[in-house]
Number of protein chains: 2
Amino acid sequence: MPTVSNKGRMMPESPIRKLVPYAEEAKRKGVKVYHLNIGQPDISTPEVALDAIRNYNEAVVAYSHSAGIPSFREKLRGYYQKHGIEITADEIIVGAGASEAILFAMNSCLDTGDEIIIPEPFYANYNGFAINAGVVVKPIPSDISSGFALPPIGEFEKAITNKTKAVLICNPNNPTGYLYSKEELEMLRDIVKKYDLYLIADEVYREFCYDGMKHHSAMHLEGIEQNVILIDSVSKRYSACGIRIGFMISRNKEVMKTALKFAQARLSPPSFGQVAAEAAIDCTTMEYFDGVLNEYLARRDTVVKFINSMDGAYCPTPKGAFYVVARLPIDNSDRFCQWLLEEYDHNGETVMLAPATGFYSTKGKGTNEVRISYVLNVGDLEKAMKCLSEALQAYPGRKDKS
Amino acid sequence: MPTVSNKGRMMPESPIRKLVPYAEEAKRKGVKVYHLNIGQPDISTPEVALDAIRNYNEAVVAYSHSAGIPSFREKLRGYYQKHGIEITADEIIVGAGASEAILFAMNSCLDTGDEIIIPEPFYANYNGFAINAGVVVKPIPSDISSGFALPPIGEFEKAITNKTKAVLICNPNNPTGYLYSKEELEMLRDIVKKYDLYLIADEVYREFCYDGMKHHSAMHLEGIEQNVILIDSVSKRYSACGIRIGFMISRNKEVMKTALKFAQARLSPPSFGQVAAEAAIDCTTMEYFDGVLNEYLARRDTVVKFINSMDGAYCPTPKGAFYVVARLPIDNSDRFCQWLLEEYDHNGETVMLAPATGFYSTKGKGTNEVRISYVLNVGDLEKAMKCLSEALQAYPGRKDKS
C-alpha cells in the first residue's frame, strides 16, 4: 500500500472542526450545544442575493471567465472605490472563497521553503495553506496583555531571513478581533518596503469595525503599491459562507498575470456564487448592513462583559471582526473544550469553543486561551456565557493564575 | 519590487484559453467564431438541477461539511452503486470541480519532487496541477496511429524511477476521446501493483461512451483497492461546468483522512452547486441522458467524417468523451490556430481550435495536431468543418506529409 505524502501528514487538523465528533455525541445524548467555535454567522443572507439565485435563468450553467464574471468584477471595482480603494476590474481575481485566493497569492509569490511572517495567534488555516504551498510560517508574538496589537518592529526584524518573501496579516483579526491602527500599518509598510517583501492583507472582516473605529486598508499604504496583495471575501460580510466567493486583488501586474495562470488551471470560480455575490454588493449601502453591525456590537459587548466578570478570566475589547480570544483559568484549552462537550452540561446545555492552541504555531502557546465567535443572538450568548461561567467552577483542571 | 515565484513562472498558460484575445478581436471585426476549442457543452443543464436552485429556501447560505453535504454524498453512493462501484459516503470528498479534487489527490499522495506518469497527450491542466503541487510529470507516449491506445507496459517500466509515486489516466480521455479497454486497465493494474503506485483515474467522461462500448472503471480493478483514487465531476455529465462540483473517491482510509485535512483548510465546497448536483443525479436514469448521448454521437460522426474527408487530414474514431485529436497538414498547430482567428475567414466565419502542443509535455510533439471539442450542434459543426476544410487550402503554412 503506497504511503501518503509528508506534506499531507504535516497538514494540521482543523482546530475548529476537530471537536465536532464530541459535539455530535453530546447532541446525541440530548445536550444542547451553543456553537461559539465557528465563524458561521446566524445572520440571514440578504434577500437580494437569494433572489438573484431564485431568478437564475441561464439554460446552461457554464464556466465563467477564470478571473470571475466581468460584470461582477466591475461592480466590485465600484465597491472598492466607495471604500477609497482605486483598482481596475483586471486587478481582481475571484476565487472559491478567500481560501483559494490565499493559495493563489502564496503560490504566485512564494516558492517551496520560502518564509512568510505572521503575527500569532493567527487564523488557523493559514498553517494549512502554507503547507499546501510548501511555504514556511515564521510566527511573531502578539499578546493578550496588549490586546493583540501588532508586534513591535524589532520582532519583525528578528524574524526576517534571506528566505523571507512576505508578511501576512488579518485586519480586523481572526481570532483576536484586533483592528490595526493607521500607525501600525505604516510601521508595517516601512518594514515591507525596507526588505522588499509582499504584504498579504486578509481583510475579509473589513466592514466589521465597532466604536466608531475606521478600517485602514493595506491598499491605502503609499509607496508599496506593488507589494500589497489584498485578500477579501463575501462570506462574512453578507453572511454567505457557503457560496464560496473570495478575491485576490493586487496592482502588481506580474503577480496578477501569474495568479491568473493558477486560476485558469482550475477553470473558473463557482457561477451561482458569483451571481449571488454580485447581487449582494448592493446591500452595503442598504439598511441590511447597519442592522448587522448593531447586532454584532451588542453581541461583542455581551461576551466581553460576561468574560471579564468571571473570576480569573479576561478578554480585551476587540474593535473588529466577530471573535474574541479570552484567557481562562484552565490548565489546557484543548482538554477544557473537549471536557465541555464530553463530560459537562449545565441544565442540559453546554458550549463549544475553539482552543486557542490551534491559532498559534509556536508549541505551548494558547493553552489557557480560547477563541469565542459571537455568532449567536444576545439571548443565546447570555445563556452560553452563564453555562461557561458555571463550567469554569466545575472544571477539574481549573488553574488560577499564580 | 518583489519577484513572483519560480513555481508561478513555470505555470503554463492554458492552451485552451490563451487564444481567447485573438478570438475576441475576430469577433470585434464581425467574424463569427465557431468555438471548438473548449469543453463547454451547449447542452442545457437539466431542469431538475436548475429548479433545485430556484427553490432554494435556506435563510443562511452556510458552510457545508468540508467533505460535502451528507445527503448529497449518500445519493452519490447510490449513483456509483448503479455503476457497480460499491463505496460508502465517507469515501467521497466533494471538491470545487474535479480540479480541486485532483489537487487534493496530488497533495495527499505526492511530495515535492515526486513523479507522476501520465500517457500523453493529456488534459493540459494536469501540468498546472502538478506544478501547483510541486510534482514532476513523466509523460509516456500514446500515438494517433494506434488511436491513442494505452502505451505498452515497457513504456511504463522505462519511466518508473524511485521517485515515481503515481500513474494518472483520463478515461474516456480528454483530449483524445480514447476509451481504455478492460485489458488495458488490467495491464495498468499489474504495473500499479508491482511497483506499489497510486492510480489516479480521472473518469469525468465515464458516461460518454459510444458504439455500445462499456466503460470500465479503475474502481473495478481487483487487488489494487488501496491504490486507486477516482476523480469525477458533474460538469460534463450534466452540462453544469459552472457549478464547480467534482469528487475525489478512494477506499484508502489514510488517503481520505489526509485529503480531508486539505478539504477542511478551505472550509467547504460550494453549497449552491451541491444542491444543484444532488438534484441532477436523478437525470441519469431519465431520458435526459439518452438524448444527450445520441446528440454527441451524431456530432462525433460529423466531425470524424469531415476530418477524414479532408486531404492530408486524419483522426481516429474515438469511443468516448466529446473530443478528437486530429492530424492536419500544417506546419505548426499554434501558428495555424492563431492564423485562423487573426487572418482567416470564410464568408465571415472561422473556427477556434485548441493546438495539441499544449496537451503534450514533450516539447515538439503535437505540432501537426489539434483538439476539436464537438460541443456544437450538428448544423454548426458542419459549417465549422467546411470552414476548416477551406482554411486548410488557404493556409500559407500548409505542409503535406512527405
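Everything below is about the structure shown above.
Treat the numbers as computed from the prediction; the structure is a model and nothing was measured.

A.B. asks: Just to check I follow, could you spell out the side chain of B:S64 for this structure?
C.D. replies: When you line up the elements, B:S64 lands in the loop between α3 (47-54) and α4 (70-82). There is a polar contact of 3.0 Å between the side chain of B:S64 and the side chain of B:Q274. Those residues within four positions of B:S64 in sequence are excluded, and the remaining contacts are A:R17, B:I69, B:L267, B:S268, B:P269, B:S271 and B:Q274.

A.B. asks: Sorry, what's going on with the relation of the copies chain B and chain A here?
C.D. replies: One copy of the chain maps onto the second through a rotation about an axis and a displacement along it. At an RMSD of 0.0 Å, chain B and chain A line up after a rotation of 180° and a shift of 0.0 Å along the axis. Expressed as a symmetry operation, the mapping of one chain copy onto the other fits a two-fold axis. Scanning chain B for the C-alpha nearest the rotation axis identifies B:R54, at a separation of 1.9 Å. Taken as a fraction of all interface residues of chain B, those also at the interface in chain A reach 100%, which identifies the copy contact as same-surface.

A.B. asks: Teacher, can you tell me more about the packing of helix α2 (residues 20-28) of chain B against helix α12 (residues 333-342) of chain B here?
C.D. replies: Packed helices, taken two at a time, are described by the angle between their axes plus the distance between the axes. Residue and element names in this part refer to chain B. Contact pair α2 / α12: the axes reach a minimum separation of 8 Å and the direction vectors enclose 20°. With respect to α12, the axis of α2 lies roughly parallel. Contact residues: α2 offers Y22, A23 and A26, while α12 offers Q338, L341 and E342. Looking at the contact of α2 with α12, its residues break down into four nonpolar, one polar and one charged.

A.B. asks: Sorry if this is basic, but what is going on with the pattern of salt bridges here?
C.D. replies: When the charged atoms of two side chains lie near each other, side chains of opposite charge can form a pair. Residue and element names in this part refer to chain A. Throughout the structure, instances matching the rule amount to 48 salt bridges over all chains. Measuring nitrogen to oxygen at the nearest pair gives 2.6 Å for the salt bridge that ties R237 to D232. Among the residues examined, R237 registers a relative accessible area of 2% and is labelled buried. The partner of D301 in a salt bridge is R300, and the shortest N-O contact between them spans 2.9 Å. For D301, a relative accessible area of 38% translates into the label partly exposed. Each member of the salt-bridge network shares a partner with another, and the members are E203, R206, E207, D232 and R237.

A.B. asks: In this structure, what is going on with the interface of chain B and chain A? I would like to understand it.
C.D. replies: In many analyses, interface size is given as the accessible surface area lost on bringing the parts together. In this assembly, 77 residues from chain B lie in contact with 77 residues from chain A. Approximately 6,300 Å² of surface area, both sides summed, lies buried where chain B meets chain A, with 55% of it carried by carbon and sulfur atoms. On the chain B side of the interface with chain A, the three residues burying the most area are B:P2, B:R17 and B:Y63, jointly 11% of the side's total. If you look at where chain B meets chain A, you find zero salt bridges. Applying the counting rule to chain B against chain A returns 50 residue pairs in polar contact (both at pLDDT 80 or more). Broken down by secondary-structure element, the contributors of at least two residues to the side of chain B that touches chain A are α1 (6-10), α3, α5 (97-109), α6 (125-133), α9 (253-265) and α10 (271-280) of chain B. Looking at which element gives the most residues to the side of chain B that touches chain A, the answer is α9(B), with seven residues.

A.B. asks: Help me understand the environment of B:K386, please; the structure alone is not making it clear to me.
C.D. replies: Here B:K386 is to be found in helix α13 (residues 378-394). Placed 191 residues apart in sequence, B:K386 and B:Y195 show a C-alpha to C-alpha distance of 49 Å.

A.B. asks: Please explain the packing of aromatic side chains as it appears in this structure.
C.D. replies: Residues and elements named next belong to chain A. For the coordinates displayed, the defined rule picks out 37 aromatic pairs over all chains. Seen in terms of ring centroids, Y205 and Y323 are 5.4 Å apart; in terms of plane orientation they differ by 85°. Their pairing is edge-to-face. A residue pair is termed long-range when its members are at least 10 positions apart, and Y205 in the loop between β6 (198-202) and β7 (228-233) and Y323 in strand β9 (residues 323-327) qualify at 118 residues. Summarising the burial analysis for this pair, Y205 and Y323 share the class buried. Among the aromatic residues, those joined into a cluster by ring pairs are Y205, F208, F289, Y296, F322, Y323 and Y374. Above the ring of Y296, the side-chain terminus of R299 is found at 5.3 Å from the ring centroid.

A.B. asks: Please clarify how the sheet that holds strand β12 (residues 369-373) of chain B should be interpreted in this entry.
C.D. replies: Each strand in a sheet pairs with another by means of backbone hydrogen bonds, the pair being arranged parallel or else antiparallel. All names here are of chain B. The antiparallel open sheet is built from three strands, whose spatial order is β9-β12-β11. A single partner strand is all that each edge strand has here, and the edge strands are β9 (323-327) and β11 (354-355). Strand direction decides the pairing type here: β9 and β12, joined by five bridges, are antiparallel. By the bridge assignment for β12, R327 is matched with E369.

A.B. asks: How do you make sense of helix α9 (residues 253-265) of chain A when you look at a structure like this?
C.D. replies: Quick reminder: α-helices carry 3.6 residues per turn. Residues three or four places apart thus point the same way. Residues and elements named next belong to chain A. With 13 residues, α9 ought to run about 18 Å at 1.5 Å a step, and its terminal C-alpha atoms sit 19 Å apart, in line with that. The complete set of buried residues in α9 reads V255, M256, T258, A259, K261, F262, A263, Q264 and A265. By the N-cap criterion, in which a side-chain oxygen at the helix start approaches the backbone nitrogen of a residue two or three places on, α9 is capped by N252, the distance to E254 being 3.1 Å. Looking one or two residues past α9, L267 carries a phi angle of roughly 75°, positive in sign.

A.B. asks: Just checking my understanding: could you explain the pairing of strand β8 (residues 246-250) of chain B for this structure?
C.D. replies: Residues in a regular strand project their side chains so that they alternate between the two faces of the sheet. Residue and element names in this part refer to chain B. With respect to burial, β8 is a largely interior element, five of its five residues being buried. Across five bridges, the pairing between strand β7 (residues 228-233) and β8 is antiparallel. Within the sheet, the bridge partner assigned to L230 lies in β8 and is I249.

A.B. asks: Which parts of the structure should I look at to understand the environment of B:Y198?
C.D. replies: Residue placement: B:Y198 occurs in strand β6 (residues 198-202). Residues B:Y198 and B:E225 lie 27 residues apart in sequence; the distance between their C-alpha atoms is 10.0 Å. Within the local environment of B:Y198, its side chain forms a polar contact with the backbone oxygen of A:P2, the two atoms lying 3.1 Å apart. In this structure the side chain of B:Y198 is engaged in a polar contact, spanning 2.9 Å, whose partner is the backbone oxygen of A:T3.

A.B. asks: Explain unusual backbone geometry here, please?
C.D. replies: Residues other than glycine predominantly adopt negative phi, and peptide bonds predominantly adopt the trans conformation. Omega for the peptide link from A:E120 to A:P121 comes to 5°, which places this bond in the cis form. With respect to the secondary-structure elements, A:P121 resides in the loop between β3 (115-120) and α6 (125-133). Positive phi, normally seen in glycine, also occurs at B:F148, with a value near 70°. Within the element layout of this structure, B:F148 appears in the loop between β4 (136-141) and α7 (153-159).

A.B. asks: Where do I start with the state of the cysteines in this structure?
C.D. replies: A covalent bond bridging the sulfur atoms of two cysteines is what the word disulfide describes. Residue and element names in this part refer to chain B. For the coordinates displayed, the defined rule picks out zero disulfides over all chains. C170 forms no disulfide, and the closest cysteine sulfur to it belongs to C209, at a distance of 12 Å. Assessed through its relative accessible area of 4%, C170 is described here as buried.

Definitions and cut-offs
- For every chain, the first residue of its written sequence is number 1, and the numbers climb from 1 along that sequence.
- Chains and ligands are labelled sequentially in the order written, the chains with letters from A and the ligands with numbers from 1.
- Local features in this predicted model are restricted to residues whose pLDDT is 70 or higher, and side-chain atom pairs enter the listing and the counts only when it is 80 or higher, whereas totals over whole chains, interfaces and linings include all residues.
- Hydrogens are left out, water is left out, and the side-chain values use all remaining heavy atoms of the structure.
- The helix and strand labels rest on DSSP assignments: H or I over at least four residues marks a helix, E over at least two residues marks a strand, and numbering proceeds from the N terminus.
- Residues adjacent in sequence count toward polar contacts only when both atoms are side-chain atoms; beyond that, a polar contact is any pair of N or O atoms within 3.5 Å, and within protein one must be able to donate a hydrogen and the other to accept it.
- It only takes one pair of heavy atoms within 4.5 Å for two residues to be counted as in contact.
- Superposition of the copies used a least-squares fit over C-alpha atoms from residues whose pLDDT is at least 70 in both.
- Every angle, taken between N-to-C directions, lies between 0 and 180 degrees, and every axis is a line fitted to C-alpha atoms, over only the stretch in contact when it is a helix.
- For classification purposes, angles smaller than 35 degrees are called roughly parallel, those larger than 145 roughly antiparallel, those between 65 and 115 roughly perpendicular, and all remaining angles oblique.
- Residue polarity follows a fixed list, in which Ala, Val, Leu, Ile, Met, Phe, Trp, Tyr, Cys and Pro are nonpolar, Asp, Glu, Lys and Arg are charged, and the others, Gly among them, are polar.
- A pairing counts as a salt bridge when a side-chain nitrogen of Lys or Arg comes within 4 Å of a carboxyl oxygen of Asp or Glu.
- Type-normalised accessible area, obtained with a 1.4 Å probe on protein chains alone, sets the label of each residue: buried when under 20%, exposed when over 50%, and partly exposed for intermediate values.
- Once two parts are joined, some of their accessible surface, as seen by a 1.4 Å probe, is lost; buried area is that loss totalled over both.
- Pairing of aromatic rings covers Phe, Tyr and the six-membered ring of Trp, with a centre-to-centre limit of 6.5 Å; geometry is then stacked below 30 degrees between planes, edge-to-face above 60, and tilted otherwise.
- By definition, being over a ring means that NZ of Lys or CZ of Arg is both within 6 Å of the ring centre and within 35 degrees of the ring normal.
- By definition, two strands form a pair when at least two bridges between them are found by DSSP.
- A helix is expected to span 1.5 Å multiplied by its residue count minus one.
- Defined by distance alone, a disulfide is two cysteine sulfur atoms within 2.5 Å.

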